[in-house]
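# Coordinate inspection notes
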Amino acid sequence: MGLVMFAILWRFRDHRHAEGWLFGFYCVLAGLERFIVEFYRAKDDRFIGPFTSAQAIAFGFLVVGAVLMVRLRSTDSARPGIHAAHAA
């Protein structure tokens, strides 16, 4: 799953969003990956219903990443994109 995450992130490395958007995308992917992996682990530390504490943390990571992506989806003078340095 890590290799798939790398391939997806590599494809989006030249995005047109503000700096930090790609980190938010990584947070979403990493949270999703950890959430899925926890279903297959042989550990019984249920936290909320059928979910483990690691899944709760992974879900939080996913939410933080989604918030970052939404807040950094566009560029402006206060938030230049990653291509702003190349334009100068």
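Structure: above.
Quick caveat, the model's predicted, so the values are computed rather than measured. (Residues numbered from 1 in each chain as written. Predicted model: local features only at pLDDT ≥ 70, side-chain atom pairs only at ≥ 80, totals over all residues. Heavy atoms only, no water.)

## Examining the packing of aromatic side chains
Scanning the entire structure with this criterion turns up six aromatic pairs. Seen in terms of ring centroids, F12 and F25 are 5.1 Å apart; in terms of plane orientation they differ by 75°. Their pairing is edge-to-face. With F12 in the loop between α1 (2-11) and α2 (21-40) and F25 in helix α2, the pair connects residues that are 13 residues apart, well separated along the chain. Relative to F51, the ring of F35 has its centre 5.7 Å away and its plane inclined at 40°; by these criteria the two rings are tilted. In this pair, F35 sits in helix α2 while F51 sits in strand β2 (residues 51-52), placing the two residues 16 residues apart along the sequence. Residue classification places F35 among the partly exposed positions, given a relative accessible area of 22%. In this arrangement the basic side chain of R11 is found over the ring face of F12, its NZ or CZ atom lying 5.8 Å from the centre. (Phe/Tyr/Trp six-rings, centres within 6.5 Å; stacked < 30°, edge-to-face > 60°. Helix = DSSP H or I, 4+ residues; strand = E, 2+ residues; numbered from the N terminus. Buried < 20%, exposed > 50% of the residue type's maximum accessible area, 1.4 Å probe, protein only. Lys NZ or Arg CZ within 6 Å of the ring centre and 35° of its normal.)

## Here's the deal with the environment of G31
Within the fold, G31 resides in helix α2. Using a relative accessible area of 1% as the deciding quantity, one classes G31 as buried. Remark: the alpha-carbon pair of G31 and V63, spanning 32 residues in sequence, is separated by 8.4 Å. Not counting chain neighbours up to four residues away, the residues in contact with G31 comprise A58, F61 and L62. (Contact = heavy atoms within 4.5 Å.)

## Considering the pattern of salt bridges
Here the structure, examined in full by the defined rule, presents one salt bridge. Salt-bridge contacts for R34 lead to E38; the nearest nitrogen and oxygen are separated by 3.0 Å. Here E38 and R34 lie together in helix α2, a separation of four residues that amounts to about one turn. Among the residues examined, R34 registers a relative accessible area of 33% and is labelled partly exposed. (Salt bridge = Lys/Arg side-chain N within 4 Å of Asp/Glu carboxyl O.)

## Here we look at the side chain of E33
Within the secondary structure layout, E33 lies in helix α2. R34 is the oppositely charged side chain nearest to the buried, salt-bridge-free E33, at an N-O distance of 4.6 Å. Those residues within four positions of E33 in sequence are excluded, and the remaining contacts are M1 and M5. (Lys, Arg positive; Asp, Glu negative; His and termini not counted.)

## With respect to the nonpolar core
M5, L9, A18, W21, F25, V28, L29, A30, M69 and L72 together form the largest nonpolar core, which totals 10 residues. Of all the elements in the fold, those that place two or more residues in this core are α1 and α2. The dominant element in this core, judged by the number of residues it contributes, is α2, at five residues. Those residues in contact with M69, other than ones at most four positions away along the chain, are W21, G24, F25 and V28. (Core = buried A, V, L, I, M, F, W, Y, C linked by side-chain atoms within 4.5 Å.)

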